[in-house]
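# A closer look at the structure
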Amino acid sequence: MKAWIGVIFLSVATLACAQDKPAAGVTEVIVAYSAGGGVDLMARAFARQAARMSGQNWVVTNRDGAAGIIGFAALARAAPHGQTLAFSPASPITHAPLLFKTMPYRNEQLEPVCQVFENIFTIAVRADSPIQTLQDLTARARAAPGKLVYGHAGNGSVPHLGVAAVAKALGVPFNPVAFKGDSAVLAQLLGGHLDFAAPAIASIAGKGLRVLALLSDRRHPLLPEAPSLADLGYPAVTPGLNGLFAPAATPPATLARIQGLCQKVVASDGFRQAALGLHQVPAYLDAAQFKARILRTYQANAELLPHLDLERH
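Quoted straight from UniProt, the Sequence similarities (unreviewed entry) entry for the protein chain says "Belongs to the UPF0065 (bug) family."

With that settled, consider the packing of helix α1 (residues 38–54) against helix α8 (residues 252–267). Where α1 meets α8, the axes come as close as 10 Å, and the angle between the chain directions of the two elements is 115°. Regarding the angle of α1 to α8, the classification is roughly perpendicular. When the axes of α1 and α8 are compared, the crossing they make is right-handed. Packed against α1, whose contacting residues are F46, Q49, A50, M53 and S54, the element α8 presents L261, C262, K264, V265 and V266 at the interface. The residue makeup of the contact of α1 with α8, split by class, is seven nonpolar, two polar and one charged.

Each strand in a sheet pairs with its neighbour through backbone hydrogen bonds, running either in the same direction (parallel) or in the opposite one (antiparallel). The sheet built from six strands is open, its strands ordered β2-β1-β3-β10-β4-β11 with mixed pairing. Because the sheet does not close on itself, it has two edges, and the strands there are β2 (57–62) and β11 (282–285). Within the sheet, the average angular offset between the axes of one strand and its neighbour, ignoring direction, is 25°. Of the pairings in the sheet, the one linking strand β1 (residues 26–31) to strand β3 (residues 84–89) comprises four bridges and is parallel in character. The residue bridging V31 from the neighbouring strand is F87, located in β3. Packing against the sheet, helix α10 (residues 287–304) makes contact with β4 (110–119), β10 (240–247) and β11, and its axis sits at approximately 80° to β4.

A word on helix α2 (residues 69–77). Of all nine residues making up α2, seven are buried, and the element is well covered by its neighbours. Considered for burial, the residues of α2 that qualify are I69, G71, F72, A73, A74, L75 and A76. Of the surrounding secondary structure, the elements contacted by the buried residues of α2 are β1, β3, α3 (91–94), α4 (96–99), β4 and β10.

Cut-off values and rules
Residues numbered from 1 in each chain as written. Predicted model: local features only at pLDDT ≥ 70, side-chain atom pairs only at ≥ 80, totals over all residues. Heavy atoms only, no water. UniProt positions renumbered as here; feature names shortened; annotations may be inferred. Axes fitted to C-alpha atoms, helices over the stretch in contact; angles between N-to-C directions. Helix = DSSP H or I, 4+ residues; strand = E, 2+ residues; numbered from the N terminus. Parallel < 35°, antiparallel > 145°, perpendicular 65-115°, else oblique. Left-handed = near helix turned anticlockwise from the far one by under 90°. Contact = heavy atoms within 4.5 Å. Nonpolar A, V, L, I, M, F, W, Y, C, P; charged D, E, K, R; others polar. Pairing = 2+ DSSP bridges. Buried < 20%, exposed > 50% of the residue type's maximum accessible area, 1.4 Å probe, protein only.

Given below as structure tokens:
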């Protein structure tokens, strides 16, 4: 058992069949989310640059569904030859096992290879909102407990748990409403049906929102005027951690080779420009750093979720 995650989850009987080895010179990149979404577009930008730098074909395959679980189940069952990887948020490891009663994989079947970027979420209001600052929002929530309604991208999602962690630390009661993704959240916010929302930076470009705070420990180059939670003296929360994953039995030398390529891709001008076009900023971490961060996030979520009264699926 790998010590970095430290817990085993039950497997269900209906596992996907193990993937055959891709053709020689081809790396399959499983994206556990739908085509055309932010993760998918970043994965394709990464794969294009990796192919240029490695001289091999990198092919993206979408295996979306069940909050990333379907894609990670396919990865867990893939042969550990280094030619089948996943490009994904870490939430199928850090969130899903805490939200689902049964899982088609165990966390220790998956090997984080490198972090590629952080998906930063915000606390945002309409431009015409009377709420001017996060301190103002907090004061209003204390004055009217449970009355301020906010939207997030789904129960147990990164923004949901991020705002919940802030609320718990400060003893501030908010009224959360779950939606299926940022598009639905923003439609309700802009329509005046929510007091605030927790969308990703990548989702709010051109929307004319006032960002009260970033759910992060530092400022973001795409929103330099927006304060982070740390700037405001609030407890920091973990953003969406996105990177490459491999089957756990992949040989160390193969993992080291992929990690080295990942570092070069993330540092390349081609990938960085593509990421900026998607309103994202690359943030590389090596395997050890990525694993440690995933473990801390899992532990924080395990401590927080019992306070939210969410029913496990």
